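If you want the building blocks of each chain, they are given just below.
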Amino acid sequence: MSVNRLEELVNQLTVSDEKNSNEIPDKGLDEFVSLANGADVENDEFRRKFAQSVGDLARKEKYRELLGKRNVIQSLAQFAKTSSSVDVFYEVSRAVGNLCYDHPNNRKRSNDEGLVDLFMSFIQREERNLQKVVCGALANLADQTEYIQEKLSSSQETLKRLVTLCRVPSESTTTPSSSEPSTEITTTTQQQQPQQQPPPPQQQQVVKELEVQMMAARALNNIGEQTEFVNRIIDAGAVQVLMEILHSNPKSTSPLVLIEAINALTTLCVHYEHGAAFIESGGLLELLEQLSHPDLTFDVHEAACSFIVDLSENDGLKTKITNNTAIVNKLVSGLSISDEQKKKNYTKILSNLSLSESNVQSLFKHLSTFIECLSSEDLNAKYTASTVIGNLARTDDNCVKIMETGNIVDLMLNNLSTTTDIRLQCVTLGALRNLSLLPSNKGKLIAKGIIPQLVKALDSENDHVKYASIGTIKILSTANPGVCSEFIENGLYSRLIKIASKNRRRS
């Protein structure tokens, strides 16, 4: 009887919700919650159905709030504690996971009811479907919630279990064609279309394995938001296992699993100590080699490059990266790939690496590649080349070598005169400024025709471009009356008057 009434109420709530998303029948919701204390509360089929209904409703934000306030989590906890049914455990875990998505109050309620501890015991079980939803629930409970992260990371048994669940299954050889895990918060089994045949049992098993991997990696990622918790996760062997996922053939796994593994690695390795260990152990080089795999999807490539960008922004890790010739070679080779968006990622990484004076020298051996990029049709390649060359020109020896190498200045002046991109104009002017700091280079730059280009740059509407140009003009003309005359002949004086007048009007 209660099961029938439960279904009726869920249908009423669903229909009412579809008619007016801003109006929820409180009476129906109150009766729905009250059924958890009704006559059938000891019946496992009712418990399963009730928890399933909560999980379905909690996919929407407003129901997460309303159900949480009505103490439905207390009822779910009681079901899980007093039942021995795996089906009940599954639905309770799924429901709690959905209730706790982006909801701090429901996370607290769940922890207070002992559900975190209960899920830590559930995760030790062997049922794949249950493992999937429990990992998802733990991920949502731990997300930005330090006291739950502390509890989970304090249990080496739990961490090691999560790491084990991330491990690539040795017998999973069938590729799930389109059966990616559902986008639901704690993933449910994807429903097949009526006209489709269900996938064969072996493929179903592979899908389950992939879903468990994905959720376990996400849980580790969310637990490791604090440095002290990261140490515990790494001690449990997480980095090695996450790298195993990345080593797997992209055809035999889901892109979502790879992305979750990369996200977890990002969380674990962005701190210097762990990032350095990751680089020194060969992890970064292995990741770069995997990026060349032809079956790797664009989203996975983006996630991996975002991770490497984060590493390259850490001053200490820049040295670790640039000291490894093989890594630098791989990064530089990325400038020659045909995919413009992927190439953009490599330009960002190399630009970051070149910002540190102690590291740029390792890039000098690739100067010929950067010269080629100056004449590339790709704007990002030009930008990176100008940035790196400008940073290389911070030392006198490099300034001399750059001026003696090829047609670098000609290419940069051509880019300055033909581009409308503000970023490229600024880094090109910055590189020319650094080259002009060496007295012996000044005459060579002037002979190349730099003066008309610097004066023309003052016509830009962008203040950064004008500022960069004025800085180079100042260096070239200091204590050099002849150069000053040439600047004036090219229209410098009138442009400076115009700039000064415009700035005076602003003030």
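Residues numbered from 1 in each chain as written. Predicted model: local features only at pLDDT ≥ 70, side-chain atom pairs only at ≥ 80, totals over all residues. Heavy atoms only, no water.

Q: How would you explain the overall build of the chain if you had to name every residue and give the values?
A: On a plain count of helices and strands, the chain comes out with 32 helices and zero strands. Counting across all 507 residues of the chain, residues that qualify as buried make up 53%. Contacts spanning at least 24 positions in sequence make up 74% of the contacts within the chain whose residues lie at least 6 apart. Counting every atom, the chain has about 23000 Å² of accessible surface; 47% of that belongs to carbon and sulfur. (Helix = DSSP H or I, 4+ residues; strand = E, 2+ residues; numbered from the N terminus. Buried < 20%, exposed > 50% of the residue type's maximum accessible area, 1.4 Å probe, protein only. Contact = heavy atoms within 4.5 Å. Areas by Shrake-Rupley, 256 points an atom, 1.4 Å probe, with all protein chains shown as cover.)

Q: Which residues make up the environment of Glu-302, and what values go with them?
A: Relative to the assigned elements, Glu-302 resides in helix H18 (residues 298–312). Overall, Glu-302 belongs to the partly exposed group, its relative accessible area being 22%. Glu-302 sits 43 residues away from Asn-345 along the chain, and the two C-alpha atoms are 7.8 Å apart. If sequence neighbours within four positions are ignored, Glu-302 has contacts with Gln-341 and Asn-345. Looking at Glu-302, its side chain comes within polar contact range of the side chain of Asn-345, at 2.6 Å. (Polar contact = N/O pair within 3.5 Å; in protein donor to acceptor, adjacent residues only side chain to side chain.)

Q: Quick one: what's the story with the environment of Leu-115, residue by residue and with numbers?
A: Tracing the sequence through the fold places Leu-115 in helix H8 (residues 115–122). Assessed through its relative accessible area of 0%, Leu-115 is described here as buried. Residues Leu-115 and Leu-138, 23 residues apart in the sequence, show an inter-C-alpha distance of 9.7 Å. Setting aside chain neighbours within four positions, we find Leu-115 in contact with Ile-73, Ala-77, Val-96 and Ser-110.

Q: Go over a nonpolar patch on the surface with me, naming the residues and quoting the values.
A: On the surface, a cluster of nonpolar side chains totalling about 330 Å² of accessible area is made up of Ile-488, Tyr-493 and Ile-497. Tracing the backbone through its elements, the reader meets Tyr-493 in helix H32 (residues 492–506). (Patch = residues over 30% accessible without salt bridge, like charges linked within 9 Å, V, L, I, M, F, W, Y side chains within 5 Å. Salt bridge = Lys/Arg side-chain N within 4 Å of Asp/Glu carboxyl O.)

Q: Before we move on, can you summarise the nonpolar core with the specific residues and values?
A: Formed by 156 residues in total, the largest nonpolar core has its most connected members in Phe-32, Phe-50, Leu-67 and Leu-76. Other than its neighbours up to four places away in sequence, Leu-76 contacts Phe-50, Ala-51, Val-54, Val-92, Ala-95, Val-96 and Leu-99. (Core = buried A, V, L, I, M, F, W, Y, C linked by side-chain atoms within 4.5 Å.)

Q: Describe in detail helix H20 (residues 325–333), supporting the description with residues and values.
A: Among the residues making up H20, those that are buried are Ile-327, Val-328, Leu-331 and Val-332. Taken around the axis of H20, the buried residues stretch over an arc of 130°, which confines them to a single face. Residues of H20 that are buried sit in contact with helix H16 (272–280), helix H17 (283–290), helix H19 (315–322), helix H21 (340–354), helix H22 (361–364) and helix H23 (367–374). Two or three places before Ala-326, at the start of H20, stands the capping residue Asn-324, its side-chain oxygen 3.1 Å from that residue's backbone nitrogen. (Arc of directions from axis to C-beta.)

Q: Can you tell me about the side chain of Lys-382, naming the residues and giving the values?
A: Looking at the element boundaries, Lys-382 is found in helix H24 (residues 379–392). Among buried Asp, Glu, Lys and Arg side chains, Lys-382 stands out as unpaired, with Glu-377 the closest opposite charge at 5.9 Å. (Lys, Arg positive; Asp, Glu negative; His and termini not counted.)

Q: Any chance you could break down the packing of aromatic side chains for me, citing the residues and the numbers?
A: According to the stated counting rule, one finds six aromatic pairs in the structure shown. What links up through ring pairs into an aromatic cluster is the set Phe-32, Phe-46, Phe-50 and Phe-79. One cation-aromatic arrangement involves Lys-401 over Phe-364; the distance from NZ or CZ to the ring centre is 5.6 Å. If you follow Arg-423 out to its NZ or CZ, it ends over the ring of Tyr-383, 4.0 Å from the centre. (Phe/Tyr/Trp six-rings, centres within 6.5 Å; stacked < 30°, edge-to-face > 60°. Lys NZ or Arg CZ within 6 Å of the ring centre and 35° of its normal.)

Q: Summarise empty space enclosed by the protein; cite the residues concerned and give the values.
A: Inspection of the entire model under this criterion finds one cavity of 30 Å³ or more. Around the largest cavity sit Leu-246, Ser-248, Pro-250, Leu-258, Ile-262, Leu-287, Gln-290, Leu-291, Leu-296, Val-300 and Ala-304, which together line it. For the lining of the largest cavity, the class distribution of residues is nine nonpolar, two polar and no charged. (1 Å grid on protein atoms, 1.4 Å probe; cavity = no way out; pocket = protein on both sides within 12 Å on 5 of 7 lines; lining within 4 Å. Points joined across faces, edges and corners; volume = space filled by probe spheres on them. Nonpolar A, V, L, I, M, F, W, Y, C, P; charged D, E, K, R; others polar.)

Q: Any chance you could break down the side chain of Asn-111 for me, citing the residues and the numbers?
A: Relative to the helices and strands, Asn-111 is located in helix H7 (residues 104–112). When neighbours within four sequence positions are excluded, Asn-111 is seen to be in contact with Val-116, Tyr-147, Ile-148 and Lys-151.

Q: A description of helix H9 (residues 128–142) should follow, citing residues and the corresponding values.
A: Taking 1.5 Å per residue, 15 residues should reach 21 Å; H9 reaches 21 Å between its end C-alpha atoms and fits that length. In terms of burial, H9 is largely enclosed, as 13 of its 15 residues are buried. Where H9 ends, the next residue or the one after it, Gln-144, has phi of about 55°, a positive value. (Expected span 1.5 Å × (residues − 1).)

Q: Before we move on, can you summarise the packing of H24 against helix H27 (residues 422–436) with the specific residues and values?
A: For the pair H24 and H27, the least separation of the axes is 8 Å and the interaxial angle reads 25°. Between H24 and H27, the angle falls in the class roughly parallel. Seen along the crossing, H24 lies across H27 with a hand that is left-handed. Each of Leu-379, Asn-380, Lys-382, Tyr-383, Ser-386, Thr-387 and Gly-390 in H24 lies in contact with H27, whose residues at this interface are Arg-423, Leu-424, Val-427, Thr-428, Ala-431 and Asn-434. Taken together, the residues of the contact of H24 with H27 break down into five nonpolar, six polar and two charged. (Axes fitted to C-alpha atoms, helices over the stretch in contact; angles between N-to-C directions. Parallel < 35°, antiparallel > 145°, perpendicular 65-115°, else oblique. Left-handed = near helix turned anticlockwise from the far one by under 90°.)

Q: How would you explain the packing of helix H15 (residues 255–269) against H18 if you had to name every residue and give the values?
A: Packing of H15 against H18 brings their axes to within 9 Å, and their N-to-C directions diverge by 5°. The angle between the axes of H15 and H18 places the two elements in the roughly parallel class. The residues of H18 that touch H15, namely those facing Pro-255, Leu-258, Ile-259, Ile-262, Leu-265, Thr-266 and Cys-269, are Asp-299, Val-300, Ala-303, Ala-304, Phe-307, Asp-310 and Leu-311. Across the contact of H15 with H18, the residue classes tally to eleven nonpolar, one polar and two charged.

Q: So, the pattern of salt bridges: which residues are in play, and what are the values?
A: Between side chains of opposite charge, pairing is possible as soon as their charged atoms come close. The final tally for this structure, using the stated rule, is 26 salt bridges. Asp-30 is the partner of Arg-70 in a salt bridge, and the nearest nitrogen-oxygen pair spans 2.6 Å. Highlighted residues: Arg-70 in the loop between helix H4 (61–69) and helix H5 (72–82) and Asp-30 in helix H2 (residues 26–34), separated in sequence by 40 residues. Given a relative accessible area of 38%, Asp-30 falls into the partly exposed group. Three or more residues joined by partner-sharing salt bridges are found here, namely Arg-5, Glu-8 and Glu-31.

Q: I'd like a description of unusual backbone geometry, backed by residues and values.
A: Even without being a glycine, Asn-71 presents a positive backbone phi close to 60°. Mapped onto the secondary structure, Asn-71 falls in the loop between H4 and H5. Of note in the backbone geometry, Gln-144 takes a positive phi value of approximately 55° without being a glycine. Along the polypeptide, Gln-144 turns up in the loop between H9 and helix H10 (146–153).

Without other data, these values stay purely geometric and don't point to any function.
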